[in-house]
Amino acid sequence: MLNRYAILLAVVFLAAHKLPAAEICIPTPECNAVVETEPEGHSLIASGYSQIGSPGDPALPFKDLFLLLPPNADPNVASLTLRGSTDKLLPGQYNISPAPPVVTVVDGKEIREWGEGKQIENGKNMLVYSKNEYFPSANLQFIDVGNMRNWRIARVRYYPYRYNPVTRQLVFTSGGEVVLSYRTISSLAAVNKSVPDGLFADKIAALTSNYAQASQWYSTAQQPNRTTSQLASGTVTNYLILTTSAIVAGSTKFQAFINHKINRGFSVGLATEAQWGGGTGDVAAERIRSYLRANYLTKGIRYVLLIGNPDPSVGDVPMKMLWPRRSSSIYREAPSDYYYADLTGNWDLDGDGFYGEGDHDLRYGGVDRYPEVIVGRIPFYGNFADLDYILQKIMDYEAGGCGGPWVRNVLLTMKPSDTYTPGYHLGEAIKNAAAVPAGFSTTRVYEQTYNLNPPPDFTPCTYDTVSAATQQHAGFWFWWTHGNETVAADVTTSTRTQTLDDRYPVFTFQCSCLNGTPENSNNLGYALLKRGAVATNSATRVSWYYPGQVDFTNTDSNAGMAYRYAVKLVRDHKPCGDAHFEMMVEVPLDIWMNHCVFNLYGDPSLAYASGP
Ligand SMILES: [Ca+2]
Ligand SMILES: [Ca+2]
Ligand SMILES: [Ca+2]
């Protein structure tokens, strides 16, 4: 008895000497949902909120909030609560629809996934729908803590509505504040003595709800970029080209490209085997990442352009093979360059030799999705004429040689994915959220007119109508259709890209399966980069969508990624690499494989020409 008392006292003594928790408070986000009645049930539609949650569970609106922590915060957040909010039981009864499954289609075969640990009946997870309890159990859910360079960020999910599927009652929560409390695990001074680095302060300011607190924690918060003198002295490399000495020697445009980027204000560095170690396949992948990890802070690297063979098995500048769905029986792996962007964690956290496993490697200390550098690549399959042509095209584009009104036209080609998913909703969403706010025009190719006013420019969506639409020329091209390594069905093919006019090169998001498969040198992503595109985003393996999705604002379906990338690229005028990774960070994580498969082919620092 005495012993137990002594132990208890010791615990109390230790607890008393731990630093007290500090709090971050932000106002609870507002939400005004509209209830829509559909044959399948009720949906809550709220602007700025995600409308699709975990497949089979009640589809309640939610929003992810990003809270900046001090750099010395314990990643194990102490508590997360709502303070001073009001719960209101809404009158009436509701039949809230479940979230749809995630789907991919390969060779006409549809694969549906509901996720682990569920009991699905008629599209509903009965483990939730049969319980006389409110779902979710709390308004706030802690998602994760991650690091973007030296910045430490907590992501929390807010559900303003909770639903009891048995009593069919809805509770709405509003007002008050979100309170996150945390402890610190070292002194602030000790952390800030490490490499001073204010890079990405602009991204953190836009992403987090409490950036005003940053200056008290981050000594470099007020110096978002290196000074001109630092750049001139060559101590900083904010644009790194990582490639092989053979590629440097064989290209006739390499030095011109470096000079061009220097003239654009970048401090350009070059890393070949002598710097990063060389090799092929996975050996090379590990050496590339080790080199970037060791240098991104000290050199101040912002952009990384990879040039080499991307094949993860035999490539000389390979993608890393990731295993986002390793516990599934099919479509388990994904070659990816994301491995070279998020450099803070160990992507094989459980140490089993399989990197990027969705269910094992995504905890703190592993994959955190926040990039340290912005990565793009130019695939190289041995043809120097192609490489030189692509480098020259990028230089011409960025130098303004390609300017004209066509830059401000957006081509939208949408093919139905299935009976429930006509695709045109994505075209209209990109038109309204990206093109119209930028003052841009659109050329739309849909399967039908769908009573739209004004109607689409071309129907139906076929190779011939798309080909005719490309004659109108556009600065951007977004599509959604089924695909394979060389085909985007009824949109274009690797062969057909040869008819595109490179005097009008586009930024593309290829919302399809497999178009960017790095093992195939004729993959459609690379074919487009060679002719038709100045930069393109394509999937290295299958990508996944939600059947019937009509709202794309906050989801990581392939269409949701295309939408958010379009908004950042077109409306916000971000460089394509920044648009790509900001999109990857901001969308909620539900379909990890989509984050791995979509990769950027092109110069990541390139933005659209804004001249006349
Ligand atoms: Ca693993
Ligand atoms: Ca594992
Ligand atoms: Ca990171």
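Residues numbered from 1 in each chain as written. Chains lettered and ligands numbered in written order. Predicted model: local features only at pLDDT ≥ 70, side-chain atom pairs only at ≥ 80, totals over all residues. Heavy atoms only, no water.

Caption draft 1: Layout of the overall build of the protein chain. Regarding its fold elements, the protein chain presents 17 helices and 29 strands. In terms of overall dimensions, the protein chain is globule-like: its C-alpha atoms have a radius of gyration of 25 Å, near the 25 Å expected for 612 residues. Viewed in the frame of its principal axes, the protein chain has a C-alpha envelope of about 80 × 60 × 45 Å. Taken across its 612 residues, the protein chain has 57% of its residues classed as buried. At a minimum sequence separation of 6, the contacts of the protein chain that also span at least 24 residues come to 76%. Working note: accessible area of the protein chain is about 23,800 Å², and carbon and sulfur atoms make up 51% of it. When the 49 positive and 57 negative side-chain charges of the protein chain are each reduced to one mean point, those points stand 4 Å apart. (Helix = DSSP H or I, 4+ residues; strand = E, 2+ residues; numbered from the N terminus. Rg over C-alpha atoms; globule rule 2.2 N^0.38 Å. Buried < 20%, exposed > 50% of the residue type's maximum accessible area, 1.4 Å probe, protein only. Contact = heavy atoms within 4.5 Å. Areas by Shrake-Rupley, 256 points an atom, 1.4 Å probe, with all protein chains shown as cover. Lys, Arg positive; Asp, Glu negative; His and termini not counted. Charge placed at Lys NZ, Arg CZ, Asp CG, Glu CD.)

Caption draft 2: Here's a closer look at the pattern of salt bridges. Within the structure shown, the criterion is met by 34 salt bridges. Taking the shortest distance from any N to any O, the salt bridge between Asp 87 and Arg 162 comes out at 3.7 Å. One end of the pair, Asp 87, is in strand S6 (residues 86–89); the other, Arg 162, is in strand S13 (residues 161–164), and 75 residues separate them in sequence. Overall, the relative accessible area of 12% leaves Arg 162 in the buried class. Ionic pairing is found between Arg 325 and Glu 113, a salt bridge with its closest N-O pair at 3.1 Å. Separated by 212 residues along the polypeptide, Arg 325 in the loop between strand S19 (320–322) and strand S20 (334–336) and Glu 113 in strand S8 (residues 109–113) bring together distant segments of the chain. Of the residues examined, Glu 113 reaches a relative accessible area of 22% and is grouped as partly exposed. Members of the salt-bridge network, linked through shared partners, are Asp 202, Lys 203, Arg 302, Arg 564, Lys 568, Lys 574, Asp 578, Glu 582 and Glu 586. (Salt bridge = Lys/Arg side-chain N within 4 Å of Asp/Glu carboxyl O.)

Caption draft 3: Up close: the coordination of the calcium ion (ligand 2). Of the protein atoms, only Asp 350 (OD), Asp 352 (OD), Glu 357 (OE), Glu 357 (OE) and His 360 (ND1) coordinate the calcium ion (ligand 2), at distances of 2.2 to 2.5 Å. Donor residues binding the calcium ion (ligand 2) come from one chain and are separated in sequence as D-x1-D-x4-E-x2-H. A distance of 3.9 Å spans the gap from the calcium ion (ligand 2) to the calcium ion (ligand 1), which Asp 350 bridges by coordinating each metal. We classify Glu 357 as buried; its relative accessible area is 1%. (Donors = N, O, S within 2.8 Å, 3.2 Å for Na, K, Ca; no water.)

Caption draft 4: Fine view of the coordination of the calcium ion (ligand 3). Every protein donor of the calcium ion (ligand 3) is accounted for by Asn 147 (O), Asp 342 (OD), Thr 344 (OG1), Asp 368 (OD), Asp 368 (OD), Tyr 370 (O), Glu 372 (OE) and Glu 372 (OE), and the metal-donor separations fall at 2.3 to 3.1 Å. Donor residues binding the calcium ion (ligand 3) come from one chain and are separated in sequence as N-x194-D-x1-T-x23-D-x1-Y-x1-E. For Asp 342, a relative accessible area of 0% translates into the label buried. By relative accessible area, Thr 344 is classed as partly exposed at 27%.

Caption draft 5: Fine view of the pairing of strand S15 (residues 177–182). The buried fraction of S15 is high, at five of six residues. Across six bridges, the pairing between strand S1 (residues 22–27) and S15 is antiparallel. Paired with Pro 27 across the two strands is Glu 177, which belongs to S15. Bridge analysis of strand S5 (residues 79–83) against S15 gives five bridges, and the strand direction is antiparallel. Pairing of Arg 83 across the sheet is with Glu 177, part of S15. (Pairing = 2+ DSSP bridges.)

Caption draft 6: The arrangement of the domain arrangement of the protein chain in detail. Each assigned domain of the protein chain is listed with its residue range as follows: domain 1 (17–212) and domain 2 (403–601). Here domain 1 and domain 2 have C-alpha centroids that lie 28 Å from each other. Across the boundary between the two partners, domain 1 contributes 24 residues, which contact 22 residues of domain 2. Of the roughly 1,900 Å² buried where domain 1 meets domain 2, counting both sides, 60% is carbon and sulfur surface. Connecting domain 1 to domain 2 are two salt bridges. One salt bridge in this structure joins Lys 203 and Glu 582, with 2.8 Å as the shortest N-O distance. At the level of elements, strand S4 (63–69), strand S7 (102–106), S8, strand S12 (151–158) and helix H4 (201–207) are the ones that each hand at least two residues to the side of domain 1 that touches domain 2. With five residues, S7 is the single largest residue contributor to the side of domain 1 that touches domain 2. Looking at side-chain class alone, the side of domain 1 that touches domain 2 contains 12 nonpolar, five polar and seven charged residues. (Domains from an automatic or database assignment. Buried area = accessible area lost by both parts, 1.4 Å probe. Nonpolar A, V, L, I, M, F, W, Y, C, P; charged D, E, K, R; others polar.)

Caption draft 7: Spotlight on the nonpolar core. In this structure, Leu 242, Tyr 397, Phe 478 and Phe 507 are the most contacted members of the largest nonpolar core, which totals 162 residues. In terms of residues, this core owes the most to one element, helix H15 (residues 558–571), which gives nine residues. Looking at which domains feed residues into this core, each of domain 1 (17–212) and domain 2 (403–601) gives three or more. Core analysis: the next-biggest nonpolar cluster, separate from the first, contains 16 residues, Val 445, Phe 458, Val 491 and Val 506 among them. (Core = buried A, V, L, I, M, F, W, Y, C linked by side-chain atoms within 4.5 Å.)

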